[in-house]
Amino acid sequence: MQINRNPLHLSILIFFLFVAPGGSANAATEESELFAINCAACHGDNGDGGIGIPLALPDFLASVTDDYLFKTIRHGRPGRIMPAFQHLDDEQTWAIVRHIRSWSSGKVKLSPEGAPGDPEKGREIFARYCARCHGPLGKGGAGTGINFTRLHDHPVVAPGLNNPGFLAAASDQIIRTTLLKGRRGTPMLPAAKMGLSSQDVDDVVSYIRSFEKELQRPTKTAMVPAKPTLIATSTDSFAETVENIRQAISEKRLRIIRQHYLDDGLVAQGEENKKQLVIHFGSIQQINTLLTIDPRMGLFLPNRLTVMEQDDGKVMVTAVNPLRFGALFNNANLEHTSRELYKIYSAILEEVSE
Amino acid sequence: MKTEHPLRSILLFILLMLTALPLQADHLIMVRAHQPLPAALDSLKQTIQQQGYTVARVDMVNIGLLGMGYTSNKYRAVFFGKADEIEKLSRKYPQLTPYLPLRIAIFAEGDSTLLVTINPSTYHEFLAAREPAEIFNRWEKDIEQILSLMAERPGQAQQASGGK
């Protein structure tokens, strides 16, 4: 995710980095400014969470190293909303780490290194104790952090452990510490409270680490991104095409929510291009499902089809390609619903082009 | 103490690069405004106009969210643009029409408001650079300016105390 790159902000940063006399107050300002620009939109101004997870939890900060935070910022979490901030240099990234660290006066207290575990035993333990929140394959919980559809009293969405960004950032010792100590303020309980032994914990660590092998296999997600737009050409007139679309939407038991000209509101009323019409449609359930998975999806909701007659008389219908949503929003949880949406769009466009 | 095998780091790095490419999120620009949604929405419309764009529509997004048991339905999408630019691009590149006019989704998160949009440079990528980047670069710059101003706006409480 790219956060604003206001030249004014950059100038301030450059000033603090290279010109201003050294001093802890200046350094702290620079650190908080970098956090504000790059992180606060998702994690909140004070790290209390939002679309992103809360960072200011004492248990979290006590169980992760600076190196973990650095690598998390650098690599992000592919498919889990958190982008890779590769445009930040090392110094900027460390400055953000220091700012995050300033929220806790306590020191990092990692548990001792464990013994080698048995990943097969770990798989069984994980299935019984961890999968309910982290998913059967450790992909993490669905949805984002607190936002307008998930309020502050809801538990934190369980992070994805079967994620290359997480696996690159988290050492075995960090995973072990989290399992042993749990995380207050989240549903994550200490292992002992779940009846797990130290050896059980080592087995689970070993299982989580084994995800790396699975991720190294080629997957569909490494394919070329889908085309951004779905396009159909209609052999009917503009008016007939509009009517056919409306009928196709109704037959799918979806609701036509509104329709307007593409340049509606941009030009004076009555002067719109009447050959460029936008039809919004969908179902309440579908809209709310998508917003719950990712509130940023409102950029493309309700669904919309654009019908237009070109200068040569050709009638075209266009729509966003939902298969592109996962990549646009860095959110793999959108993929299932996006595929469903793709089928709906494709079916309507097929009917129009027949 | 265990030592990390250097090959493991290399493999993880390659893996990250492979997986991150199709899922990178550089397509979005997002900021937090320290205003409740109604005030932020008014500010946004004003800021868009000051930047030389016309606000075309403000649409409700989350129809029926209250009916689903949620306690907030504060979500809007603000559409805006310049008529001549939208007309030119929509005629020349029909594949861009689903993304036009420009839009910013704006939704409440507690007492603050989040604003998110697609980076217009993404649209240039969609066209595989067939159109000169000029217009998209300008849109990107203008949108960053709009969102920067929104992020810098003080909240109501700060405004009130600042006035005393």
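Within any chain, residue numbers begin from 1 and follow the written order of that chain's sequence. Lettering of chains starts at A and numbering of ligands starts at 1, both following the order in which they are written. Per-residue local features of the predicted model are confined to residues with pLDDT of at least 70, and side-chain atom pairs are confined, for both listing and counting, to 80 or more; whole-chain, interface and lining totals are unaffected and use all residues.

**What to know about the overall build of chain A**
Which entries qualify depends on this criterion: Elements are defined by DSSP. Helices are runs of H or I of four residues or more, strands are runs of E of two residues or more, and each kind is numbered from the N terminus. With C-beta atoms placed from the backbone, the exposure class of a residue follows from how many other C-beta atoms lie within 10 Å of its own: 20 or more, buried; 12 or fewer, exposed; in between, partly exposed.
Secondary structure summary: chain A contains 14 helices and five strands in total. Taking all 354 residues of chain A together, 47% fall into the buried category.

**A short note on the packing of helix H7 (residues 119-134) of chain A against helix H10 (residues 198-215) of chain A**
Residue and element names in this part refer to chain A. Applied cut-off: As a rule, the C-alpha atoms of each element are fitted with a line to give its axis, helices using only the stretch in contact, and angles between N-to-C directions run from 0 to 180 degrees. Our angle categories are set so that under 35 degrees counts as roughly parallel, over 145 as roughly antiparallel, 65 to 115 as roughly perpendicular, and the remainder as oblique. By definition, residues are in contact whenever their C-beta atoms, placed on the basis of the backbone, come within 7 Å of each other.
Two elements in contact, H7 and H10, have axes whose closest approach is 7 Å; the angle formed by their N-to-C orientations is 100°. With respect to their mutual orientation, H7 and H10 come out roughly perpendicular. Contact with H7, carried on its side by Pro-119, Lys-121, Gly-122, Arg-123, Ile-125, Phe-126 and Cys-130, involves Asp-200, Asp-203, Val-204, Ser-206, Tyr-207 and Ser-210 of H10 and no other residues of that element.

**Overview of the sheet that holds strand E3 (residues 75-81) of chain B**
Residue and element names in this part refer to chain B. We count it as follows: A strand pair is defined by DSSP finding two or more bridges across the two strands.
With antiparallel pairing, the five strands of this open sheet are ordered in space as E1-E5-E4-E3-E2. The sheet terminates laterally at strand E1 (28-33) and strand E2 (54-60), the two strands that pair on one side only. On average, adjacent strands in this sheet sit at an angle of 20° to one another, irrespective of strand direction. Here E2 runs beside E3; their pairing, made up of six bridges, is antiparallel.

**Topic: the domain arrangement of chain A**
Residues and elements named next belong to chain A. Keep this limit in mind: Residue ranges assigned to the domains are those given by an automatic or database domain assignment. By the convention adopted, Pro, Cys, Tyr, Trp, Phe, Met, Ile, Leu, Val and Ala count as nonpolar, Lys, Arg, Asp and Glu as charged, and the other residues, Gly among them, as polar.
Domain annotation for chain A reports domain 1 (7-215) and domain 2 (223-353). Taken over C-alpha atoms, the centre of domain 1 sits 37 Å from the centre of domain 2. Split into classes, the residues belonging to the side of domain 1 that touches domain 2 amount to five nonpolar, five polar and one charged.

**Digging into the nonpolar core**
Heads up, the condition is: Residues of type Ala, Val, Leu, Ile, Met, Phe, Trp, Tyr and Cys that are buried and joined through C-beta atoms within 7 Å form what is called a nonpolar core.
Membership of the largest hydrophobic core comes to 128 residues, with the highest contact counts inside it found for Val204(A), Ile245(A), Val307(A), Leu44(B), Ile106(B), Leu115(B) and Met150(B). No other element matches helix H5 (residues 134-152) of chain B, which puts eight residues into this core. Not counting the four nearest positions on each side in its chain, Val204(A) is found in contact with Gly122(A), Ile125(A), Phe126(A), Cys130(A) and Leu179(A).

**Points about the environment of Leu34(A)**
In this fold, Leu34(A) is placed in helix H2 (residues 24-38). Between the C-alpha atoms of Leu34(A) and Leu69(A), which are 35 residues apart in sequence, the distance is 15 Å.

**Quick notes on unusual backbone geometry**
In this structure, Pro302(A) follows Leu301(A) across a cis peptide bond, with omega equal to -10°. Assignment of secondary structure puts Pro302(A) in the loop between helix H12 (284-293) and strand E4 (303-309). Each neighbour pair has its own omega, and for Leu100(B) with Pro101(B) the value is -5°, a cis peptide bond. Tracing the backbone through its elements, the reader meets Pro101(B) in the loop between helix H3 (83-92) and strand E4 (102-109).

**Side note on the pairing of E3(B)**
The element E3(B) is largely enclosed, with a buried count of seven among its seven residues. The two faces of E3(B) match: Tyr75(B), Ala77(B), Phe79(B) and Gly81(B) on one face and Arg76(B), Val78(B) and Phe80(B) on the other face are all buried.

**Topic: the confidence of the model for chain B**
Residue and element names in this part refer to chain B. For clarity, the cut-off: Scored between 0 and 100, pLDDT is the confidence that the predictor attaches to each residue.
Considering every residue of chain B, the mean pLDDT works out to 79; 70% of them sit at 70 or more. Per-element mean pLDDT across chain B ranges from 35 in helix H6 (residues 156-162) up to 96 in helix H2 (residues 37-50). Long-range and interchain partners of residues 15-25, a stretch whose pLDDT sits below 50, account for 32 contacts in this model, where long-range means more than four residues apart. Below a pLDDT of 50 lies the segment residues 156-164, which in the model reaches four contacts outside its immediate sequence neighbourhood of four places, other chains included. Across the interfaces of the predicted complex, the ipTM metric reaches 0.83, alongside a pTM of 0.83.

**Quick word on the sheet that holds strand E5 (residues 315-320) of chain A**
Residues and elements named next belong to chain A. Spatial strand order, E1-E5-E4-E3-E2: five strands in an open sheet with antiparallel pairing. One side of each edge strand has no neighbouring strand; the edge strands of this open sheet are strand E1 (229-234) and strand E2 (255-261). Sheet twist, expressed as the mean angle between neighbouring strand axes with direction ignored, is 20°. In the sheet, E2 pairs with strand E3 (residues 276-282) via six bridges, with the strands oriented antiparallel. Following the sheet pairing, Ile-256 is matched in E3 by Phe-281. Contacting E1, E2, E3, E4 and E5, helix H11 (residues 238-251) runs over the sheet at an angle of about 165° to E4.

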